[in-house]
Amino acid sequence: MKRKPKGGDIKSGRRAFLRGFGKALASVSALMIGGAGLLGKKGTSDAAVIKPEIPPIPDYDWTEHDWGYGIDATRCIGCLRCVEACKAENGVAPTAHHFRTWVERYVWLEGEERPLVDSQSDPGNIAASGSQKEYRFDNRYQDKKIDKAFFVPKICNHCRHPSCVQVCPTGATFKTEDGAVLIDHDYCIGCQYCVQACPYGARFFDPADQVTEKCTWCYHRITKGLQPACVEVCPVGARIFGDMNNEASDISKFLRENRVQVLKPETGNAPTCFYIGLDKEVS
Amino acid sequence: MEALYHASPFTGYVYPNETIIPWTVMIVIYPYMTGLVAGAFSVSSLYHVFGMEKFKPVARFALLTALCFMLFVPMTLLLHLGQPQRAFNAMITPHLTSAFAAFGYFAAFYAVLLMLETWFAFREDNVIRARNSTGLVRSFYRAITLWSDDISEKARSYDHKWMLTLAIVGIPSAHGLHGYVGFVFGSLKSREWWGSDMMPVIFLFSAIISGIAVLIVLYTLVCKVRKTPIDHACVRGMGGALWGFLMFTLLLEGLEFANVVYKGKEGIEIIMEYVTGPLFYRYFVFQFAVGAVVPIIILGLMFARDVRGKAFLVGAVISSLLVLMNVFLMRWNVVIGGQEIAKTMRGLVYYHDPGGREGLAAALAVLSGPFILLAILTRVMPPWKEMTEKG
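Source: prediction; values computed, not measured. (Residues numbered from 1 in each chain as written. Chains lettered and ligands numbered in written order. Predicted model: local features only at pLDDT ≥ 70, side-chain atom pairs only at ≥ 80, totals over all residues. Heavy atoms only, no water.)

1. Remarks on the overall build of chain A
In step 1: The secondary structure content of chain A amounts to 9 helices and 10 strands.
In step 2: The buried share among the 283 residues of chain A stands at 60%.
In step 3: Of all intrachain contacts in chain A linking residues separated by at least 6 positions in sequence, the fraction that spans at least 24 positions is 64%.
In step 4: As displayed, chain A offers around 11,800 Å² of accessible surface, 52% of which is attributable to carbon and sulfur atoms. (Helix = DSSP H or I, 4+ residues; strand = E, 2+ residues; numbered from the N terminus. Buried < 20%, exposed > 50% of the residue type's maximum accessible area, 1.4 Å probe, protein only. Contact = heavy atoms within 4.5 Å. Areas by Shrake-Rupley, 256 points an atom, 1.4 Å probe, with all protein chains shown as cover.)

Below is the structure:
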């Protein structure tokens with residue numbers, strides 16, 4: 001399990017930013033001990049109360065952006081390029097059990113009321129790919145009669161009210177001003193309370209670093225004006241990313257022109273990952 | 001093809017990241033041990049605060065038992081953490097909306113309180129020991145009394161006043177600590193099996209029964225090993241308390257389950273598949289039937305027929321052992337059970353022992369720690385005086 005080395009030009013900015021943020025968070029939190037009681041605060045609203053210094057990313061002001069993610073499930077062909085690109089870009093553990101993004105396949109066999117669901121982690125699909133580093137869907141339905149079938153890409157929802165941020169005991173995971181939910185890997189204690197709290201299964205425990213991991217929307221890329229890796233490689237445009245503050249952006253257009261849904265709205269987490277083409281069976 | 005990563009087997013559809021169960025057996029024995037602390041402390045308080053004389057023989061022993069378990073509670077969490085050396089981050093920079101952030105404070109406060117109360121409870125004994133010994137032993141006892149040497153009537157009444165105050169503060173603290181552990185699970189909306197308002201209350205009551213049960217077993221064991229007479233009134237008192245609280249606990253757990261089933265929210269099919277399948281034996285058979293209904297019947301019959309003496313003792317010890325199993329299974333079925341029902345509500349994950357520092361062997365080692373410490377501590381500060389003088 002050789003891991004892609006972390007760091008480098010792209011990452012040094014993010015690391016410095018995280019370090020700075022950690023320090024700011026530490027001092028602000030220390031001040032807060034005296035002031036605020038556990039019960040005096042409601043939900044995750046304090047995520048906005050913590051106002052760290054502007055992170056030192058050149059030519060980037062995080063107060064000017066409000067990132068959003070769109071998924072057009074009707075376009076996804078289940079090629080899983082996004083999953084592999086994400087793993088390569090972010091040095092995600094090369095196993096079939098650690099993913100920042102994944103794709104689900106929903107299949108209704110003829111006459112069946114409920115669908116069969118699997119993802120690239122399914123043992124059959126792992127066997128089909130022959131490797132835990134490459135992903136594909138097998139042809140198990142080749143000879144079956146199918147009523148309806150589609151793919152649904154999944155990713156961290158970067159919620160407005162993230163339950164993972166709410167439960168983090170140290171503040172190592174936090175909501176940025178521009179809408180992303182990030183983790184300070186140098187501050188995470190690895191308790192995995194956030195893994196439990198996330199209703200979407202978007203978080204996992206990194207076996208190498210012994211801290212929690214998740215999608216960052218490729219924060220090191222988007223703060224340089226690039227697209228997240230999964231969006232970049234999608235051959236059919238099923239994944240859309242952009243600044244919701246910018247009316248001309250892809251995501252603003254996506255939200256304006258479609259009737260969108262979010263996953264598990266009943267949790268109150270208010271995802272900023274918007275879908276079209278979902279089905280009642282998708283959760 | 002490369003070997004599969006060390007993941008849990010699953011059926012149906014589970015999120016890819018769910019195939020590795022985050023919380024292991026360490027997080028099962030964490031609430032188990034805090035529960036024993038709260039329960040043992042409750043018994044001690046029955047004498048120290050409420051002056052119920054029949055609990056006097058075990059009052060100080062209960063205090064030591066609570067202390068020994070409390071000192072090992074953080075070990076479970078430290079072994080679980082991926083970065084244990086950063087554990088204090090949660091106390092240095094607590095994130096105040098997190099139920100976990102307060103644990104360090106709660107636990108530290110309560111551990112200090114327990115140590116203080118123990119110090120007062122054993123101060124007079126230790127002063128006398130220091131006076132009656134020489135050399136290193138004398139220096140040792142002088143040190144653990146923190147060099148206080150005054151056991152005059154006035155000083156002792158001062159001790160008692162402190163002990164009463166500490167015990168009174170200790171009751172809400174012990175129960176707060178454990179109720180809070182229930183909140184850690186009950187406050188999560190991500191899992192149907194956990195997210196219940198009743199969770200803290202259920203944890204609390206099961207804590208009380210486990211504490212009483214462990215004391216009945218340990219007290220009997222100590223009397224047998226030391227060949228001292230057993231105070232049957234004391235065992236009867238504890239047996240009665242166990243019986244009452246056990247019925248209440250079973251009722252609460254039954255209500256909780258009935259609520260989940262009756263509401264029948266989305267995903268109820270997978271919950272029913274789970275409880276009637278993998279969970280059947282460890283939930284219905286061993287936790288409910290063998291671990292709760294059987295001891296309720298045994299204790300109930302013994303009270304109804306006015307069974308006394310040795311027969312009562314045997315019945316009480318058997319019931320206590322069953323209750324200890326019941327509470328352990330309750331913790332297991334909540335902590336591991338909750339994670340075995342996938343968040344997709346379309347599949348089940350099957351826990352397997354990850355081994356190593358979070359494995360079953362490590363858990364057993366941690367769980368045996370308090371008993372070993374108790375054996376040592378009762379030699380340093382014997383709590384037997386009340387046991388023998390009444391017997």
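2. Structural notes on the sheet that holds strand 10 (residues 273-276) of chain A
Residue and element names in this part refer to chain A.
In step 1: An order of 9-1-10 is seen for the 3 strands of this open sheet, with the pairing classed as mixed. Unpaired on one side and paired on the other, strand 9 (239-243) and strand 10 mark the two borders of the sheet. Looking at each pair of strands side by side, their axes are set apart by 20 degrees on average, direction ignored.
In step 2: Bridge count between strand 1 (residues 67-72) and strand 9: 5 bridges; the pairing is antiparallel. (Pairing = 2+ DSSP bridges. Axes fitted to C-alpha atoms, helices over the stretch in contact; angles between N-to-C directions.)

3. Quick notes on the packing of helix 1 (residues 26-48) of chain B against helix 4 (residues 103-132) of chain B
Residue and element names in this part refer to chain B.
In step 1: Two numbers describe how helix 1 lies on helix 4: the axes approach to 13 Å, and their chain directions differ by 40 degrees. With respect to their mutual orientation, helix 1 and helix 4 come out oblique. The two elements helix 1 and helix 4 cross, and the hand of that crossing is left-handed. Residues Tyr-30, Val-37, Phe-41 and His-48 of helix 1 form the contact with helix 4, whose own contacting residues are Phe-103, Tyr-110, Leu-113, Leu-114 and Glu-117.
In step 2: Among the residues forming the contact of helix 1 with helix 4, the class breakdown is 7 nonpolar, 1 polar and 1 charged. (Parallel < 35°, antiparallel > 145°, perpendicular 65-115°, else oblique. Left-handed = near helix turned anticlockwise from the far one by under 90°. Nonpolar A, V, L, I, M, F, W, Y, C, P; charged D, E, K, R; others polar.)

4. What to know about the nonpolar core
Soluble globular proteins tend to pack their nonpolar side chains together in the buried interior.
In step 1: Residues Phe-185 and Met-238 of chain B are the most contacted members of the largest nonpolar core, which totals 133 residues.
In step 2: When residues of this core are assigned to their parent elements, the largest contribution, 17 residues, is made by helix 7 (residues 199-226) of chain B.
In step 3: Setting aside residues no more than four positions away along its own chain, Phe-185 of chain B makes contact with Trp-23, Ile-27, Trp-194, Gly-195, Met-199, Phe-203 and Val-335 of chain B.
In step 4: Within the second largest apolar cluster, 47 residues are counted, among which are Tyr-60, Trp-62, Cys-76 and Val-117 of chain A. (Core = buried A, V, L, I, M, F, W, Y, C linked by side-chain atoms within 4.5 Å.)

5. Considerations on the layout of surface pockets
In step 1: Estimated volume of the largest pocket: approximately 1,100 Å³.
In step 2: As for the largest pocket, its lining consists of 42 residues, and the residues nearest its centre are Glu-266 of chain A together with Glu-192, Lys-265, Glu-266 and Met-345 of chain B.
In step 3: The biggest single contributor to the lining of the largest pocket is helix 8 (residues 232-263) of chain B, with 4 residues.
In step 4: Across the lining of the largest pocket, the residue classes break down as 14 nonpolar, 11 polar and 17 charged. (1 Å grid on protein atoms, 1.4 Å probe; cavity = no way out; pocket = protein on both sides within 12 Å on 5 of 7 lines; lining within 4 Å. Points joined across faces, edges and corners; volume = space filled by probe spheres on them.)

6. Quick look at the interface of chain B and chain A
In step 1: Of the residues lining the interface, 47 residues belong to chain B; the matching set on chain A comes to 71 residues.
In step 2: Of the roughly 4,900 Å² buried between chain B and chain A, counting both surfaces, carbon and sulfur atoms make up 54%.
In step 3: Salt-bridge contacts for Arg-346 of chain B lead to Glu-281 of chain A; the nearest nitrogen and oxygen are separated by 2.7 Å.
In step 4: For the side of chain B that touches chain A, the element with the most residues is helix 3 (residues 89-92) of chain B, which contributes 3 residues.
In step 5: Considering only residue class, the side of chain B that touches chain A consists of 25 nonpolar, 14 polar and 8 charged. (Buried area = accessible area lost by both parts, 1.4 Å probe. Salt bridge = Lys/Arg side-chain N within 4 Å of Asp/Glu carboxyl O.)

7. Digging into empty space enclosed by the protein
Residue and element names in this part refer to chain B.
In step 1: If you walk through the whole model with that rule in mind, you get 11 cavities of 30 Å³ or more.
In step 2: Considering the residues around the largest cavity, the lining is formed by 13 residues, among which Trp-193, Met-199, Glu-256, Tyr-283 and Val-334 are closest to the centre.
In step 3: Among the secondary structure elements, those contributing two or more residues to the lining of the largest cavity are helix 7, helix 8, helix 10 (280-304) and helix 11 (309-340).
In step 4: For the lining of the largest cavity, the leading source of residues is helix 8, giving 4 residues.
In step 5: Looking at the lining of the largest cavity, its residues break down into 9 nonpolar, 2 polar and 2 charged.
In step 6: Volume-wise, the second largest cavity comes out at about 100 Å³.
In step 7: Grouping the amino acids of the lining of the second largest cavity by side-chain chemistry returns 9 nonpolar, 4 polar and 2 charged.

8. Comments concerning the sheet that holds strand 4 (residues 146-155) of chain A
Residue and element names in this part refer to chain A.
In step 1: The strand order across the open sheet formed by 3 strands is 3-2-4, and the pairing between neighbours is antiparallel. In the strand order of this sheet, the two ends are held by strand 3 (116-119) and strand 4, each with one partner. Across the sheet, the axes of successive neighbouring strands diverge by a mean angle of 20 degrees, strand direction being ignored.
In step 2: For strand 2 (residues 101-109) and strand 4, the ladder comprises 9 bridges, and the chain directions are antiparallel. Across the sheet, the residue bridging to Leu-109 is Ile-146, located in strand 4.

9. Concerning the pattern of salt bridges
In step 1: Evaluated as defined, the whole model comprises 26 salt bridges over all chains.
In step 2: Where Arg-75 of chain A meets Asp-72 of chain A, a salt bridge forms, and the shortest distance between an N and an O atom there is 3.1 Å.
In step 3: For Arg-75 of chain A, a relative accessible area of 43% puts it in the partly exposed group.
In step 4: Between Asp-125 of chain B and Lys-385 of chain B there is a salt bridge, with the nearest N and O atoms lying 3.0 Å from each other. Of this pair, Asp-125 of chain B sits in helix 4 while Lys-385 of chain B sits in helix 13 (residues 385-390), and the two are 260 residues apart along the sequence.
In step 5: Classification of Lys-385 of chain B as partly exposed rests on a relative accessible area of 41%.
In step 6: Several salt bridges share partner residues, and in doing so they unite Arg-105, Asp-118, Asp-122, Asp-138 and Arg-140 of chain A into one network.

10. Overview of the packing of aromatic side chains
In step 1: Tallied over the entire structure, the rule returns 41 aromatic pairs over all chains.
In step 2: The interplanar angle of 20 degrees and the centroid separation of 6.2 Å between the aromatic rings of Phe-103 of chain B and Tyr-180 of chain B together place this pair among those described as stacked. Note that Phe-103 of chain B is positioned in helix 4 and Tyr-180 of chain B in helix 6 (residues 153-186), a separation of 77 residues in sequence.
In step 3: Residue Tyr-180 of chain B is classed as buried on the basis of its relative accessible area of 8%.
In step 4: Between the aromatic rings of Phe-257 of chain B and Tyr-283 of chain B, the centroid separation amounts to 5.5 Å while the plane-to-plane angle is 65 degrees, which identifies the pairing as edge-to-face. Taken together, the positions of Phe-257 of chain B in helix 8 and Tyr-283 of chain B in helix 10 put the pair 26 residues apart, joining distant regions of the chain.
In step 5: With a relative accessible area of 7%, Tyr-283 of chain B lands in the buried category.
In step 6: An aromatic cluster is present here, built from Trp-193, Phe-257, Tyr-274, Phe-280, Tyr-281, Tyr-283, Phe-284 and Phe-288 of chain B joined pairwise through their rings.
In step 7: The cationic tip of Lys-148 of chain A hangs over the ring face of Trp-108 of chain A; the distance from NZ or CZ to the ring centre is 4.4 Å. (Phe/Tyr/Trp six-rings, centres within 6.5 Å; stacked < 30°, edge-to-face > 60°. Lys NZ or Arg CZ within 6 Å of the ring centre and 35° of its normal.)

11. A short note on the confidence of the model for chain B
In step 1: Overall, the predicted model of chain B reaches an average pLDDT of 93, with 98% of residues at or above 70.
In step 2: Of all secondary-structure elements in chain B, the lowest mean pLDDT belongs to helix 13 of chain B, at 71, while helix 10 of chain B reaches the highest, 97. (pLDDT = per-residue confidence, 0-100.)

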